[in-house]
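# Chains, contacts and geometry: an overview
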Amino acid sequence: MQIATRRSQRKRRRRFLFKLFFRTAMISAIVGASGLLLVFLYTFFLGPPPLQVSQSTFIYDANDEVINETRQGHQRNWADIEDVSPYVLDAFVAVEDRKFYDHHGFDYMRIGAAVLKNVQTMSRSQGASTITQQYARNLFLNHDKTWDRKAREALYALRLEWHVSKEDILEGYVNTINFGHGAYGIERAAEQYFDVPAAELTLEQAALLAGLPRGPSYYSPYNHPERAKDRQELILGAMKDEGYISVEAYEQAINTPIEYAEATQEQDTVAPYFQDVVERELIERYDLDPGIVEAGGLNIYTTLDTTIQNAAETYVDLEMPDDEPLQTAVVSIDPETGDVKAMVGGTDYETSPYNRAYDARRAPGSTFKPFLYYAALSNGFTPATMLRSEPTSFPHPDGEERYEPGNYGEIYANDFITLAQALAYSDNIYAVKTHVLQEPESLIEAAETAGIQSPLAPNMSLALGASDVGIMEITNAYSPFANGGARVTPRLIERVEDANGNVLLETEPEREQVYDERYAYMMTSMMKQIFNPQMNDYTSVTGHSISHLLQRPAAGKSGSTPNDNWMIGYTPNLVTGVWVGFDDNTPLDHKRYGQIAKRIWVQSLEASLDGELKQDFQLPRGVENVDIDLETGLLGDEACGPSYTVAFMNKTAPDQSCTEYIEDDVLDAEEAKEEVRKEKDKLMDKLKRWFTSDELEME
């Protein structure tokens, strides 16, 4: 009896729970449906959203002066849908929203798939915005990442679907998106990239343009042609799969080479290469939502100094030859903060927006030697350390090949010279010997510590700058020499605000002490000598040709390879690097072009700092300036002849005076031979260690 009663109670409880669940579900469904109905009615009676796109992004220099205003939307060359190639419309629908003509603003299946994918990957990499939603975002005036903004953006999308035809939505969409390089809207993009109206775009051209809004800088056909081509083929495949084009049209399109028009700017702007990098770093470095950048309405405060920028551009124009493919890049950086003050990425942005200052990788030649000699100072060398400058053949570990570097013009001292002289004359034999006399990884560690991030090959030729680096990268890596040993991170953007003044991004200088300030000063002291004609001896100092133009204390290093010409130098408050060469690595005629980088450097430096105090570098504790005799490398004296002044750690300068050798013009012949023998023995001992290093990769 009790068992039957308990069973009856359980049945009644189950019926009660079932009815409760059913009623709750029904009430929830009614409330949800009523809520949706209210939302639909609300958006219907609100009418269409405002369709005027008037957002502008303002870019400011370091003095908060506007250097550019970028406008968006139909203020620029609005194209009616009848005047847009059908290929364009089909391409965007195929790649961005294949159910565009069927949904009412939202693709719920796509949203669900994106949510599932993001949950699986624990990321937000998958988006599901329809063309309507993207157009609503472009029309929206606030781009904060908030649920409130998302909700109101969704209402915009519903209002568009209620009151605007699909054709008008698609028309507005293709006229308000960013195609990169200042081109907003399909008409401007067609002119920018192909010099044709939007109505005349071919299938392959339309597919390429449809791939740009996802990442205008990342997929730029000027800067990254391979990425642009891959994206184009993906879109053509989507068009084929959706039935917009035939297999034959697809095959023909992917095999048709695309010719681009010369890149042009909508208007003359200050520092266009710099501004391109700003846009890229907002997304790639600082992870700002691409939708925010694309939609505009931002105030971007940068580190650009227009005085320094104008000086760089002026002397690039004056010194670079006209009507030749020779190219250049210039970067100026504040060594105290890492703030990029100027950037020139080529001779003419309109004809070539490829940014050599930021994207190119070139062999730095002798501009790499300061890192070598910093390592040498750290390992016991002094500015007066003597090695012999003469043609030298370095053995290869397998005994079959030999490495035989040479000096420029095959000019050698055929005698012992000091480290300071070797740097001033850019003696390659001394450099390779110095490299060999240290551990193989010493140079790499010194360069990486200063900020070099490009891969470096641990071979003998690295001492002569044989591994490619970026122009901005190596220029910035000179900062520790200028600022007392601190590595700084290049910075172009100080902060970003939206149209309402809300701060979306704010940065601070990144600085870390990595070099010994005493050795850094000693390197600066030696690099100042490249402009000292009194050091001219068996050859001239490398800065001899521009020393008369330099009106303030400065240090630096020139460099060259068969294909490159360099000058990197600095004052206490500015580091500037200049590169000159051909994009295709055509060998450089150094007799004709070899002084261009130096002239651009010195003239732009002086113009940049005109009116500024002529500061010298501060001598740190534990370091002293010493006069060194040019002939003997011993302590200088007026009785001996020319001398030069360089810095030494206290009590490490030579303790003998040059006057001890006034009567004997040269060392005793037997003594000289003994010095040469000792050097060779020492080199061979060190070479054995190189040969046994697992990391060494000889040439």
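Just so you know, these numbers come straight off a predicted model, no measurement behind them. (Residues numbered from 1 in each chain as written. Predicted model: local features only at pLDDT ≥ 70, side-chain atom pairs only at ≥ 80, totals over all residues. Heavy atoms only, no water.)

### Some words on the sheet that holds strand β5 (residues 340–344)
Here five strands make up an open sheet; going across it, the order is β5-β4-β18-β17-β16 and the pairing antiparallel. Either end of the sheet is taken by a strand with one partner, and the two such strands are β5 and β16 (555–561). On average, each strand axis in the sheet is tilted by 5° relative to the strand beside it, whichever way the strands run. Direction of pairing for strand β4 (residues 327–333) relative to strand β18 (residues 574–581): antiparallel, over a ladder of seven bridges. Residue Ile 333 lies in a different strand from β18, and its bridge partner there is Val 575. Packed on one face of the sheet, helix α13 (residues 306–319) meets β4, β5 and β18 and runs near 25° to β5. (Pairing = 2+ DSSP bridges. Helix = DSSP H or I, 4+ residues; strand = E, 2+ residues; numbered from the N terminus. Axes fitted to C-alpha atoms, helices over the stretch in contact; angles between N-to-C directions. Contact = heavy atoms within 4.5 Å.)

### Digging into the pattern of salt bridges
Pairing of side chains with opposite charge becomes possible as their charged atoms draw close. For the coordinates displayed, the defined rule picks out 17 salt bridges. Ionic pairing is found between Glu 324 and Arg 592, a salt bridge with its closest N-O pair at 2.8 Å. In this pair, Glu 324 sits in the loop between α13 and β4 while Arg 592 sits in helix α22 (residues 590–593), placing the two residues 268 residues apart along the sequence. Taking the relative accessible area as the measure of exposure, Glu 324 reaches 26% and is therefore partly exposed. Classification of Arg 592 as exposed rests on a relative accessible area of 52%. (Salt bridge = Lys/Arg side-chain N within 4 Å of Asp/Glu carboxyl O. Buried < 20%, exposed > 50% of the residue type's maximum accessible area, 1.4 Å probe, protein only.)

### Considering the packing of aromatic side chains
The tally for this structure, following the rule as stated, stands at 23 aromatic pairs. Taking the centre distance of 3.7 Å and the plane angle of 10° together, the rings of Tyr 374 and Tyr 515 count as stacked. Of this pair, Tyr 374 sits in helix α15 (residues 369–378) while Tyr 515 sits in the loop between β15 (511–513) and α21 (517–527), and the two are 141 residues apart along the sequence. Just as Tyr 374 is buried, Tyr 515 falls in that class too. Members of the aromatic cluster, each reached through a chain of ring pairs, are Phe 368, Phe 371, Tyr 374, Tyr 478, Phe 481, Tyr 515, Tyr 519, Tyr 570 and Phe 617. (Phe/Tyr/Trp six-rings, centres within 6.5 Å; stacked < 30°, edge-to-face > 60°.)

### Thoughts on unusual backbone geometry
Backbone geometry at Asp 287 places phi at a positive 60°, although glycine is not the residue there. Tracing the backbone through its elements, the reader meets Asp 287 in the loop between α11 (272–284) and α12 (290–295). For Asn 585, which is not glycine, the phi torsion reads 65° and is therefore positive. Structurally, Asn 585 is set in the loop between β18 and α22.

### A closer look at the confidence of the model for the protein chain
Residues with a pLDDT of 70 or more make up 77% of the protein chain, whose mean pLDDT is 84. Across residues 111–128, where pLDDT falls below 50, the model places 13 contacts with residues more than four positions away in sequence or in other chains. (pLDDT = per-residue confidence, 0-100.)

### Some words on the environment of Arg 280
Among the structural elements, Arg 280 can be located in helix α11. Residue class for Arg 280 comes out buried when judged on its relative accessible area of 6%. Measuring from C-alpha to C-alpha, the distance between Arg 280 and Pro 216 comes to 8.9 Å, with 64 residues separating the pair along the chain. Setting aside residues no more than four positions away along its own chain, Arg 280 makes contact with Ser 217, Asn 223, His 224, Arg 285, Tyr 358 and Asp 359.

### Some points on the pairing of β4
Among the seven residues in β4, seven count as buried, and that is most of the element. Count of turn residues in the β4/β5 antiparallel hairpin: six residues, of which Gly 338 carries a positive phi of about 85°.

### Focus: helix α2 (residues 86–96)
By the criterion of burial, α2 is predominantly enclosed, with eight of the 11 residues buried. Burial in α2 covers these residues: Val 88, Leu 89, Ala 91, Phe 92, Val 93, Ala 94, Val 95 and Glu 96.

### Some thoughts on the state of the cysteines
A disulfide bridge is the covalent bond that connects two cysteines by way of their sulfur atoms. Scanning the model with the defined rule gives one disulfide in all. The disulfide bridge from Cys 640 ends at Cys 658, spanning 2.0 Å between sulfur atoms. Taking the torsion about the sulfur-sulfur bond, which here is approximately 100°, the covalent link between Cys 640 and Cys 658 counts as right-handed. Of the two residues, Cys 640 is situated in the loop between β19 (623–629) and β20 (643–649) and Cys 658 in the loop between β20 and α24 (669–691); the sequence distance between them amounts to 18 residues. (Disulfide = S-S within 2.5 Å.)

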